[in-house]
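Okay, here's what each chain looks like letter by letter:
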Amino acid sequence: MSDPAPGMQTPEPSHDQAPLSSAGFRAIDAFLGVTQSVTGNRWVARQADEDTASEIAALSGLPAPVARALASRNVQPDGVQHFLEPKLRDILPDPSHLLDMDTAIERTLAALLTDETIVLFADFDVDGATSSAQVRRFFRTLGKEVRCYIPDRHKEGYGPKVESMRRLAEEGADLIITLDCGTMAHDAIAAARDAGADVIVLDHHMAIEELPPAVAVVNPNRLDDPSEHGAMAACGLTFLYLVALNRALREMNYYEDEGITAPDLMGMLDVVAMGTVCDVVPLLGLNRAYVSQGLRILERWNNPGMKALREITGRNGVLTPEVFGFDLGPRINAGSRMGESWIGSDLLSTDDPEVAKELAQRLDDLNIERRAVEADVMKEAKKAALENRAVVPPILIAGGEGWHPGVIGVVAGRLKGNHRRPAIVVSFEDGMGKGSGRSIPGINLGALILEAKDKGLLIEGGGHAMAAGLAVSEAKWPEFVAFMEAEVGARLGQAPDPDVMEFDVAMAPAAVTFETVQVFKGMEPFGQGNPRPRVAITRPRVANATIVGDKHVAVQLEGSDGARVRAIAFRAVETPLGHALLHRSDRPLHVAGNLALDEYRGGRNVQMIIEDAAEVAS
């Protein structure tokens, strides 16, 4: 194994044969001896196969800490190059490996060649918007504008409904393509069929054995589909559909015969990347290649909608997945959350810069409104979920009358993040509730929601492992809450302990250099399934602690040799972490976080983003 950089330590081996704790985790030594940090975490080393890490280091020449970080993400020695430099051409699968894909292409070709009316039915979130924008752009290149129907989040809820699908068929749709929805819409698709329209489903949500009566159901999560790409977002699946359609058109010399230029599929990867990041699927394998390549495409800002949306944020700097997750994606979602579901798809598919600016401004206005509403619902939901509870329950479930349905998913996500438990938030009106849930790794929320529906506790429900939607009657609400608390409580032993913080490496302040950060940056893009490497700076003295703005704490972490690291803890002033940083004596701390480049005002300074801190064991 290559030697670590000076001052860097790799975590101790993971002791795979150690006994399991009551929470389902191996009773391994706490990292740096930290059994309880200032925020209540137990620190542990990320689980990794040490032989694999050694082989990665030996073959690649990478520093030992980086090799171990790769091994902890299940990267094999022969896959290091693909992981560090993901290329779509090396990993893109043949779309035809997905069941029903060829049938979907045949039916689409028939519609295109005979000028049938094609209508898209897309979900109202970022994944749906990015999926529909791709198809609209592709067909526009062929000289065919297609209608895109996006349901109202509040009035219609998720997915195709009988009334809307029947209406689309009666209004002249010959072929309806559902995007990011449809797998569980058996009655709605049957209604469209009976009214004279064929339906193609392009979806990635969990399925049951019985599929809807569509011409084709393309979904890597069909129970009978052996595809290895079940972790794709719908936008990634839609891209494969367009790859297959483009191939079929080329094989029949369509572009030459029609005298048109083939669509620029690679140029669509910026929206594929955004949908992939915002749907919180693992950034590994194909998803990783989508995002890595999509970020390069984004740098060109060829999509007027993406450019206008970025300009409205007023931010610049290096493009990372966070640009999608924190800047662009929430604004796309704001349209549907605040009652204007169509804006996101229109923005991402328009070619008119002026129209793009108008739509981006509208989304920004709606996002500001959404934040205010969200803050009110968050306060009430937290009270409902935790009131009269001596301890945090296994799943946080909150329901309230008249809560704005457009923000309940965001509130569920915040409850999950703040309390490290799955969370479901439901808005009731006239005895009926519509809800949204977010989960933690190890708790398959979508499967539990389907199980609750099968037991008659829900009117509707579905989703995937990390997120789900549901509809419940007020009469069944207590029974549903009891069922979910019991089932999640029984499964928490199989999920990551929510009080554990995992680490890749320990470092002295002197080891935190520009070169170190660059080595870790080679593992980008970071996100779900590939978190930023977390480091612990060992035994620094906290110097020059100051409050920045009214919420953040900036410090200098100083080693015994005088080496210093700039660091900041965001939104920490009124937290135990902020108190520990602001009111230190000369006693050292271990400080946890990730390393980044502070590019504010054009700088390139190394700093740590602090997540936690702990007393040094005596």
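If you're wondering where the values come from, they're calculated on a predicted model, not measured in any experiment.

S.K.: For this particular structure, what's the right way to read helix α6 (residues 126-141)?
M.R.: Given 3.6 residues to a turn, an α-helix orients residues that are three or four positions apart in the same direction. If you check α6, its first and last C-alpha atoms are 23 Å apart, about what 16 residues at 1.5 Å a residue would give, namely 22 Å. Of all 16 residues making up α6, 14 are buried, and the element is well covered by its neighbours. The N-terminus of α6 is capped by D125, whose side-chain oxygen sits 3.2 Å from the backbone nitrogen of D127. G143 sits one or two residues past α6 and shows a positive phi near 85°.

S.K.: Teacher, can you tell me more about the sheet that holds strand β7 (residues 216-218) here?
M.R.: Strand pairing within a sheet occurs via backbone hydrogen bonds; the two strands may be parallel or antiparallel. Read across the sheet, five strands follow the order β4-β3-β5-β6-β7 without closing on themselves; strand pairing throughout is parallel. Strands at the two margins of the open sheet, each flanked by one partner only, are β4 (147-149) and β7. The average undirected angle you get between the axes of adjacent strands in this sheet is 20°. As paired elements, strand β3 (residues 118-122) and strand β5 (residues 175-179) share five bridges and run parallel to each other. In the sheet register, V119 faces β5, and the bridge partner there is I176.

S.K.: Help me out: how do you make sense of the side chain of N246 in this one?
M.R.: Here N246 is to be found in helix α9 (residues 234-251). We classify N246 as buried; its relative accessible area is 10%. If we skip the residues at most four places from it in the chain, N246 touches F138, Y255, A262, P263 and L265.

S.K.: For this particular structure, what's the right way to read unusual backbone geometry?
M.R.: Most peptide bonds are trans, and most residues other than glycine sit at a negative phi. Looking along the chain, the bond that leaves E524 and enters P525 is cis, with omega of 0°. On the secondary structure map, P525 appears in the loop between α20 (514-521) and β15 (535-537). Of note in this structure, D115 is not a glycine but carries a positive phi near 55°. Tracing the chain through its elements places D115 in the loop between α5 (101-113) and β3. With a phi angle near 65°, D180 is a residue other than glycine that sits in the positive phi range. Considering the arrangement of structural elements, one finds D180 in the loop between β5 and α8 (186-194).

S.K.: Looking at this structure, how should I read the packing of aromatic side chains?
M.R.: The relation between two aromatic rings is expressed through the spacing of the ring centres and the mutual angle of the planes. All chains considered together, the criterion is met by eight aromatic pairs. Here F428 and W477 contribute two aromatic rings whose centre-to-centre distance is 5.2 Å and whose plane-to-plane angle is 80°, an arrangement assigned as edge-to-face. Highlighted residues: F428 in strand β9 (residues 423-429) and W477 in helix α19 (residues 477-491), separated in sequence by 49 residues. Taken as a pair, F428 and W477 share a single burial class, namely buried.

S.K.: Is there a simple way to explain the pattern of salt bridges in this structure?
M.R.: Close approach of charged atoms lets side chains of opposite charge pair. Taken as a whole and judged by the stated rule, the model has 32 salt bridges. For R137, the salt bridge identified is with D351, shortest N-O distance 2.9 Å. In this pair, R137 is assigned in helix α6 and D351 in the loop between α15 (343-349) and α16 (353-386), connecting sequence segments 214 residues apart. Note on R137: relative accessible area 17%, which makes it buried. With its nearest N and O atoms 3.8 Å apart, the salt bridge here joins R491 to E451. Taken together, the residues R491 in helix α19 and E451 in helix α18 (residues 445-454) connect sequence positions 40 residues apart.

S.K.: Can you walk me through the confidence of the model for the protein chain in this structure?
M.R.: Low-confidence regions, as indicated by low pLDDT, have predicted coordinates that should not be scrutinised in detail. Model confidence for the protein chain is summarised by a mean pLDDT of 90, while 94% of its residues fall at 70 or above. Taken as a whole, residues 1-6 scores under 50 in pLDDT and shows twelve contacts with residues more than four places along the chain or in a different chain. For the stretch residues 12-28, pLDDT sits under 50, and the model shows 34 contacts to residues farther than four places along the chain or on other chains.

S.K.: How do you make sense of the sheet that holds strand β8 (residues 396-401) when you look at a structure like this?
M.R.: Overall, mixed pairing links the five strands, which are arranged β8-β9-β10-β12-β11 in an open sheet. Of all the strands in the sheet, the pair left with one neighbour each is β8 and β11 (460-463). Adjacent strand axes in the sheet meet at a mean angle of 15° when their direction is disregarded. Taken together, the seven bridges between strand β10 (residues 432-438) and strand β12 (residues 467-473) define a ladder with antiparallel strand orientation. By the bridge assignment for β12, K434 is matched with A471. Together, β9, β10, β11 and β12 form the strand contacts of α18, whose direction differs from that of β11 by roughly 160°.

Cut-offs applied
Residues numbered from 1 in each chain as written. Predicted model: local features only at pLDDT ≥ 70, side-chain atom pairs only at ≥ 80, totals over all residues. Heavy atoms only, no water. Helix = DSSP H or I, 4+ residues; strand = E, 2+ residues; numbered from the N terminus. Expected span 1.5 Å × (residues − 1). Buried < 20%, exposed > 50% of the residue type's maximum accessible area, 1.4 Å probe, protein only. Polar contact = N/O pair within 3.5 Å; in protein donor to acceptor, adjacent residues only side chain to side chain. Pairing = 2+ DSSP bridges. Axes fitted to C-alpha atoms, helices over the stretch in contact; angles between N-to-C directions. Contact = heavy atoms within 4.5 Å. Phe/Tyr/Trp six-rings, centres within 6.5 Å; stacked < 30°, edge-to-face > 60°. Salt bridge = Lys/Arg side-chain N within 4 Å of Asp/Glu carboxyl O. pLDDT = per-residue confidence, 0-100.

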